[in-house]
Amino acid sequence: MKKIWQRTLLFTLSTTFIAAAVSAMLYLFIRPNMVSTAIAPTGLTPPTTSLNYFEHLSSLVPTNIFSPFLDHQVMGVLLVGILLGLAIRFIPEPDARKTITHFFKGIHSIFMVITTWVVAIIPLGLFGFISVTVAQLRHGLDLRGLGEYLAIIVLANLIQGFVVLPAWLKWNGIAPFAAMRKMLPALSLAFFSKSSAGTLPVTIETAEKNLGLNPRICRLVLPLCTSLNMNGCAAFIFTTVIYLMQNNGMTLHLSTVGLWVVIATITAIGNAGVPMGCFFLSTSLLASMNVPITLLGVILPFYSLIDMLETALNVWSDSCVTQVVAVKALGTEEDVAKEFAPAN
């Protein structure tokens, strides 16, 4: 089980990093035009000073456990969460480990209740986004380049789903498009539901029945992947953050691109497998860096379709990781199917 967990983590990080890198290469190749405004009706003006990203990263190391939450540092919160999670795993006393685990389960439940309250007022926030966007359109908002931005995200998802992941499966002795066809029930549900977490029961059932994978592996690897493996989200975070920052005065360098590929990979791991989770995560990340987010109001009407594609890619990537983990642990694809075929 330890090797399975390690391989799952390695493959999850690798595929998510590649997804962010693909979007970076497409961004550098297409170089979308910026969205400009003749007048800024909101009073927000693009920053005139260049941002020092290494200083920003160094500031993510918190001075205490509460500062990331008080300073609205999304990456700092993720760093604290990762460190606490690893530390809990290595607590030697079982009772202490169980106590702290129950404490965080309770905190999780509290935040889920608060989240339902936040969801209830989301329409008001969307109204504000749309109002600012309409005002900017009336003051000369130039939308050229928005289509190129959307094309980068869509192409990155398609390349990851139909080129990168199938090539990886083929390299590990798995027929990629046959596997994709067998996973269609889960992929179609993910596409229309826009929730990889909501699709998880169907994903597990499809992987066990149609792919013939070991239920013990599926029920360990797939829930982990649903929480950690966010290929589509990594592509969206990278493209969106870079695009909005460029629209607000950032100069793009190769070092900046490489840095944000890593940041997008880490941030995507913290994304929730729920509809629009990636959109609001990107919003929080930009807001924590004091980057104006009014342009997201222009992107918002298109995000529903992007979210459908991203969720389907996430579930497809989850199933790919599970298949490769099963093959690595138990042998070839034929051996796995023969070993764990349903009893007559």
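Located above this text is the structure these notes cover.
Described below are features of the structure shown in this document.

1. Some remarks on the nonpolar core
(1) Moving on: Tyr149, Phe236, Ile237, Phe238, Met245 and Trp260 are the most contacted members of the largest nonpolar core, which has 47 residues in total.
(2) Moving on: Of all the elements in the fold, those that place two or more residues in this core are helix H1 (2–30), helix H7 (146–171), helix H12 (231–247), helix H13 (254–269), helix H14 (277–288) and helix H15 (296–330).
(3) Moving on: Beyond its immediate chain neighbours, meaning those up to four positions away, Tyr149 contacts Pro32, Phe236, Thr239, Thr240, Tyr243 and Ile299.
(4) Moving on: In this structure, Leu165, Met180, Leu211 and Ile217 belong to the second largest nonpolar core, which totals 31 residues.

2. Re the packing of aromatic side chains
(1) Moving on: All told, the structure shown has 8 aromatic pairs when counted by the stated rule.
(2) Moving on: Residues Phe279 and Phe280 carry aromatic rings whose centres are separated by 5.6 Å and whose planes lie at 90° to one another, so their mutual orientation is edge-to-face.
(3) Moving on: Note on Phe279: relative accessible area 1%, which makes it buried.
(4) Moving on: Each ring, one from Phe279 and one from Tyr303, has its centre 5.3 Å from the other, and the planes form 50°; the classification is tilted. Here Phe279, found in helix H14, pairs with Tyr303, found in helix H15; they are 24 residues apart in sequence, far enough to count as distant. Taken individually, Phe279 and Tyr303 each receive the classification buried, so the pair is uniform in this respect.
(5) Moving on: Three or more aromatic residues joined by ring pairs make a cluster, and in this case those are Phe236, Phe279, Phe280 and Tyr303.
(6) Moving on: A cation sits over an aromatic face here: Arg89 above Phe90, 5.7 Å from the ring centre.

3. Focus on the packing of H1 against H12
(1) Moving on: Here H1 crosses H12 at 35°, and the two axes come no closer than 7 Å. Crossing geometry of H1 relative to H12 is assigned as right-handed. Of the residues in H12, those in contact with Thr15, Thr16, Ala19, Ala20, Ser23, Ala24 and Tyr27 of H1 are Asn231, Ala234, Ala235, Phe238, Thr239, Ile242, Tyr243 and Gln246.
(2) Moving on: Looking at the contact of H1 with H12 residue by residue, the classes come out as 9 nonpolar, 6 polar and no charged.

4. Some points on the environment of Ser196
(1) Moving on: One can find Ser196 in helix H10 (residues 196–209).
(2) Moving on: Along the primary structure Ser196 and Leu313 are separated by 117 residues, whereas in three dimensions their C-alpha atoms are 9.5 Å apart.

5. Section: the environment of Leu211
(1) Moving on: As for its placement among the helices and strands, Leu211 is situated in the loop between H10 and helix H11 (215–228).
(2) Moving on: Sequence spacing of Leu211 and Met180 is 31 residues, and the spatial spacing of their C-alpha atoms is 9.7 Å.
(3) Moving on: With residues near it in sequence (within four places) discarded, Leu211 still touches Ala179, Lys182, Met183, Thr206 and Gln323.

Rules behind the numbers
- Residues numbered from 1 in each chain as written.
- Predicted model: local features only at pLDDT ≥ 70, side-chain atom pairs only at ≥ 80, totals over all residues.
- Heavy atoms only, no water.
- Core = buried A, V, L, I, M, F, W, Y, C linked by side-chain atoms within 4.5 Å.
- Buried < 20%, exposed > 50% of the residue type's maximum accessible area, 1.4 Å probe, protein only.
- Helix = DSSP H or I, 4+ residues; strand = E, 2+ residues; numbered from the N terminus.
- Contact = heavy atoms within 4.5 Å.
- Phe/Tyr/Trp six-rings, centres within 6.5 Å; stacked < 30°, edge-to-face > 60°.
- Lys NZ or Arg CZ within 6 Å of the ring centre and 35° of its normal.
- Axes fitted to C-alpha atoms, helices over the stretch in contact; angles between N-to-C directions.
- Left-handed = near helix turned anticlockwise from the far one by under 90°.
- Nonpolar A, V, L, I, M, F, W, Y, C, P; charged D, E, K, R; others polar.

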